[in-house]
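# Commentary on secondary and tertiary structure
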Amino acid sequence: MKIIRLLYCFLLPAALPVCAQHPFLCTDSYANKVCVVSADGKIEWEYACTHPQDCWRLPNGNYLFCHEHGALELTPGKKTVWEYQAGTNTQVHACQPLPNGRVLLVECGPCRLLEIDRDGKIAKEIKLTPPPATVNLHDQFRGVRKTKDGHYLVCRKGEHVVQELDGDGKSLREIKVPGDVHEAVLLPDGHLLVDCGDGHKVVELDADEKVVWELNENDLPGNPLRLMAGCQRLPNGNTVFCNYLGHGHLGQQAHVFEITRDKKIVWQFADHTHFKVINQIQLLDVPGDVTRGEILR
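Residues numbered from 1 in each chain as written. Predicted model: local features only at pLDDT ≥ 70, side-chain atom pairs only at ≥ 80, totals over all residues. Heavy atoms only, no water.

It is worth spelling out the overall build of the protein chain at this point. The helix and strand tally for the protein chain stands at one helix and 24 strands. Against the globule reference of 19 Å for 297 residues, the protein chain gives a C-alpha radius of gyration of 18 Å, in line with a compact fold. For the C-alpha atoms alone, the extent of the protein chain along its principal axes is close to 55 × 45 × 35 Å. A separation threshold of at least 6 residues defines the contact pool for the protein chain, and within that pool the share at least 24 residues apart is 43%. Approximately 12,500 Å² of the protein chain is accessible, and the part contributed by carbon and sulfur atoms is 51%. Counting 32 positive and 38 negative side-chain charges, the protein chain places the averaged centre of each group 3 Å from the other. (Helix = DSSP H or I, 4+ residues; strand = E, 2+ residues; numbered from the N terminus. Rg over C-alpha atoms; globule rule 2.2 N^0.38 Å. Contact = heavy atoms within 4.5 Å. Areas by Shrake-Rupley, 256 points an atom, 1.4 Å probe, with all protein chains shown as cover. Lys, Arg positive; Asp, Glu negative; His and termini not counted. Charge placed at Lys NZ, Arg CZ, Asp CG, Glu CD.)

A few words now on the sheet that holds strand β9 (residues 103-108). Within the open sheet, the four strands sit side by side as β8-β9-β10-β11. Their pairing is antiparallel. Strands with a single pairing partner mark the edges of an open sheet, and in this sheet they are β8 (91-97) and β11 (122-127). Within this sheet the neighbouring strands show an average axis-to-axis angle of 20°, counted without direction. With five bridges joining them, strand β10 (residues 112-116) and β11 adopt antiparallel strand pairing. Bridge pairing links L114 to E125 in β11. (Pairing = 2+ DSSP bridges. Axes fitted to C-alpha atoms, helices over the stretch in contact; angles between N-to-C directions.)

What follows covers the sheet that holds strand β14 (residues 161-165). Reading across from one edge, β12-β13-β14-β15 is the order of the four strands in this open sheet, with antiparallel pairing throughout. Two strands lie at the open edges of the sheet, namely β12 (144-146) and β15 (171-176), each paired on one side alone. Averaged over all neighbouring strand pairs, the angle between strand axes comes to 15°, with direction disregarded. One ladder, built from five bridges, connects strand β13 (residues 152-156) with β14; its direction is antiparallel.

Across all of its chains, the model carries 20 salt bridges by this definition. In this structure, E125 engages R112 in a salt bridge whose closest nitrogen and oxygen atoms are separated by 3.3 Å. Taken together, the positions of E125 in strand β11 and R112 in strand β10 put the pair 13 residues apart, joining distant regions of the chain. Between R145 and E183 there is a salt bridge, and its shortest N-O distance comes to 3.6 Å. With R145 in strand β12 and E183 in strand β16 (residues 183-186), this residue pair connects regions lying 38 residues apart in the sequence. Using a relative accessible area of 5% as the deciding quantity, one classes R145 as buried. One connected set of salt bridges, linked through shared partners, spans D54, R145, E183 and R297. (Salt bridge = Lys/Arg side-chain N within 4 Å of Asp/Glu carboxyl O. Buried < 20%, exposed > 50% of the residue type's maximum accessible area, 1.4 Å probe, protein only.)

Grouped burial of nonpolar side chains is what soluble globular proteins tend to show. Counting residues in hydrophobic clusters, the biggest one holds 37 residues, and the most contacted among them are F24, L105, V256, F269, F275, I278 and L283. With three residues, the single largest contributor to this core is strand β21 (residues 239-244). Sequence-distant contacts of I278, that is, excluding residues within four places in its chain, are made with F24, C26, T27, C242, Y244, H255, V256 and F269. (Core = buried A, V, L, I, M, F, W, Y, C linked by side-chain atoms within 4.5 Å.)

Where burial is concerned, most of β8 is hidden: seven out of the seven residues are buried. As paired strands, β8 and β9 are joined by six bridges and run antiparallel to one another. In the strand pairing of β9, Q91 is matched with C108. The loop that links β8 with its antiparallel partner β9 comprises five residues; one of these, G101, has a positive phi angle of about 90°.

In short, shape yes, function no, at least from these values alone.
Written out as structure tokens, the structure is:
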């Protein structure tokens, strides 16, 4: 099996090897599972759940992730140590572990941000302005992050807007972006890295919302951007992107790639036997405490 896997990694029609060079945690919302993958591309841990989206490895070694109906923290032995169950007509597509032990969630349907305490109870609730009626429940919200200054970044997917709220939920700004935004990551220099979903585009905005870098649909020869979902900015300045292959592109190219600032692919990962899509990722050999915002994703 190992020989077959290695042949698969190097013989797919691509200019670069397509096995991961890093161990990583990821979600496959199409195949309904969360996985840990080794640097040589082997699945080392797997958990089935309905349409998982965001995922994190915590400092204690546990895995935190959200799924359509709530969120879970599991030990590597798959023991549940924390859980939140959402109500009916609700979808949860983003989560984030916070320094005080709470977990930040966004709920489609009720249209609210929640901070859930260690007992699984709502410790803080911020009501979000509901999207227009033309935006269906599934498309209301995607990524949400709480910044070090206590603000919230909310990806209003169906409206193509990144909204910034203060700690009390007051809207500070709404940034129109070119696509159904899936992720917005605040970088240490104050720039905002935005994955624009089916806009087939990524933009980096400065503090004045000016585009200072962008990745366009056909900037990577032979690897067109599909739905740009999760990402992670690395300490060396490169970025890992999840190129979601649903919506008609299953099996056609790599799921994940790392690129340099000048748009060169460093490595890419594809395994169409075990994965349909990869929509979020965390590289597990990058140091940092995810609860303190030290992993940029």
